[in-house]
Amino acid sequence: MNKITKTLLILAAVSACALAGVMLYATQIGNGNLPAADPKGYTTIEANGLSFAVDIRGDKTGTPVILLHGFPESAVMWDKFMDELTAKGYYAIAPNQRGYSAGARPDDVEQYQLKYLTSDVIAIADQLELKQFHLIGHDWGAAVGWQVAAENPDRVISYAAISVPHIDAFGKAYREDTAQFESSAYIRFFQKPILPEFMMAKSDYERLRSIWSQHDAAEIEHYVGILGQEKALTSAINWYRANFAVFTNGLDVGKVNVPVTFIWGNQDHALKRSGVDDTKNYVEADYKFIEMDAGHWIIQEKYQELTGHLLDHLAKYRQVSI
């Protein structure tokens, strides 16, 4: 072995060790270091072999409303609205979904596919003995809600989706609309291992904190307290990894045959108008579209206006046998 070859081999070995060290550091940062814990006062519900932390409020004889959060939030996004719901006689249920509950963080990426996420909603409803319920979802919670509503018209009284179009409409927009494809670059970035977690968690979750542009300090600390737990951030990002084919190939959820109100903020940088406008073609029951002058975090940005629309929607379809 000549001197040059030997030197190159040494440099390669040093580079490999350095890369391994960097990857280990990134993994440690991205993995989180807080102990697994659920919010105080939440009810633990066993469903699909997992333990979900669920915020439950109101009289169980009231009309049930299940509320689904998105990324990167938790059931606490519905905190104020749940009090309004219970004051009007509703039975409000907001689970920390798969990945966000300490006892519901499977290691396998495939376990975060939509078919499992939607199954969780029905399983939680079954555990609470809810024959029928109203459903409201935001962001990924809205995506889950679209499929729950499409597959369970006998269980879902009505559906209100916030920000996210019908999954089939969004998938079509992702594939055919350049503006939507470009705005979804973050989805493709999330397919990388380790790096997304590291980028969001480094410097005390500086980048993650910047996402919550309309949230107050207490709400942000609540989210960091969840996503800073070991494997929690990876579990949350795994929703994107497990369902990437939904965007690239389509899922064919099918049409929804329950009353729907779809609310979208026209300043939402992640969700463009093409999928929004197409959503009406995927609803066969009563459909109402509401466009708001707001961004993605509508409930924080325009709380009174948004919740007014939601309460009107619920009141319209409340008189249904349960």
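Residues numbered from 1 in each chain as written. Predicted model: local features only at pLDDT ≥ 70, side-chain atom pairs only at ≥ 80, totals over all residues. Heavy atoms only, no water.

1. Looking at the layout of surface pockets
In this structure, the largest pocket encloses a volume near 730 Å³. Forming the boundary of the largest pocket are 31 residues, of which Phe71, Asp139, Tyr186, Tyr240 and Ala270 lie nearest the centre. Those elements that provide at least two residues to the lining of the largest pocket are helix 4 (140–151), helix 5 (167–176), helix 7 (185–189), helix 8 (195–211) and helix 11 (244–248). Here the residues of the lining of the largest pocket are counted per class, giving 22 nonpolar, 6 polar and 3 charged. Here the second largest pocket defines a volume of roughly 230 Å³. Around the second largest pocket, the lining residues are Val76, Met77, Asp79, Lys80, Gln214, His215, Asp216, Ala218, Glu219, Ile299, Gln300 and Tyr303. Listing elements by their share of the lining of the second largest pocket, those giving two or more residues are helix 2 (79–87), helix 9 (217–227) and helix 13 (298–301). Taken together, the residues that form the lining of the second largest pocket break down as 5 nonpolar, 3 polar and 4 charged. (1 Å grid on protein atoms, 1.4 Å probe; cavity = no way out; pocket = protein on both sides within 12 Å on 5 of 7 lines; lining within 4 Å. Points joined across faces, edges and corners; volume = space filled by probe spheres on them. Helix = DSSP H or I, 4+ residues; strand = E, 2+ residues; numbered from the N terminus. Nonpolar A, V, L, I, M, F, W, Y, C, P; charged D, E, K, R; others polar.)

2. Considerations on empty space enclosed by the protein
Summary: where empty space remains is shown by rolling a probe the size of a single water molecule over the atoms. Per the stated rule, a full pass over the model turns up 1 cavity of 30 Å³ or more. Size it by volume and the largest cavity reaches roughly 50 Å³. Forming the walls of the largest cavity are Phe52, Leu68, Pro95, Gln97, Arg98, Leu117, Asp120, Val121, Ile124 and Trp239. Its residues placed into classes, the lining of the largest cavity shows 7 nonpolar, 1 polar and 2 charged.

3. Overview of the sheet that holds strand 2 (residues 50–57)
Sheet architecture is open: 8 strands sit in the order 1-2-4-3-5-6-7-8, paired in mixed fashion. What marks the edges here is a single partner per strand, and that holds for strand 1 (43–47) and strand 8 (287–292). Taken over all neighbouring pairs, the strand axes of this sheet differ in orientation by 25° on average, direction set aside. As paired strands, strand 2 and strand 4 (residues 90–95) are joined by 4 bridges and run antiparallel to one another. The residue bridging Ile56 from the neighbouring strand is Ile93, located in strand 4. Packed on one face of the sheet, helix 3 (residues 114–127) meets strand 1, strand 2, strand 3 (63–68), strand 4 and strand 5 (133–138) and runs near 115° to strand 1. This element, helix 14 (residues 303–316), spans strand 3, strand 4, strand 5, strand 6 (156–162), strand 7 (260–265) and strand 8 of the sheet and lies at about 165° to strand 6. (Pairing = 2+ DSSP bridges. Axes fitted to C-alpha atoms, helices over the stretch in contact; angles between N-to-C directions. Contact = heavy atoms within 4.5 Å.)

4. What about the confidence of the model for the protein?
Of the residues in the protein, 89% reach a pLDDT of 70 or more, and the chain-wide mean stands at 91. Contacts for the low-pLDDT stretch residues 11–25, under 50 throughout, to residues beyond four places or in other chains number 2 contacts. (pLDDT = per-residue confidence, 0-100.)

5. Quick notes on the side chain of His69
In this fold, His69 is placed in the loop between strand 3 and helix 2. Sequence-distant contacts of His69, that is, excluding residues within four places in its chain, are made with Ser74, Ala75, Met77, Trp78, Pro95, Asn96, Gln97, Tyr100, His138, Trp140 and Gly141.

6. A look at helix 8
End to end, helix 8 covers just 17 Å across 17 residues, shorter than the expected 24 Å (1.5 Å per residue, more than 12% under). Along helix 8, the residues that are buried comprise Pro196, Glu197, Phe198, Met199, Met200, Ala201, Tyr205 and Leu208. (Expected span 1.5 Å × (residues − 1). Buried < 20%, exposed > 50% of the residue type's maximum accessible area, 1.4 Å probe, protein only.)

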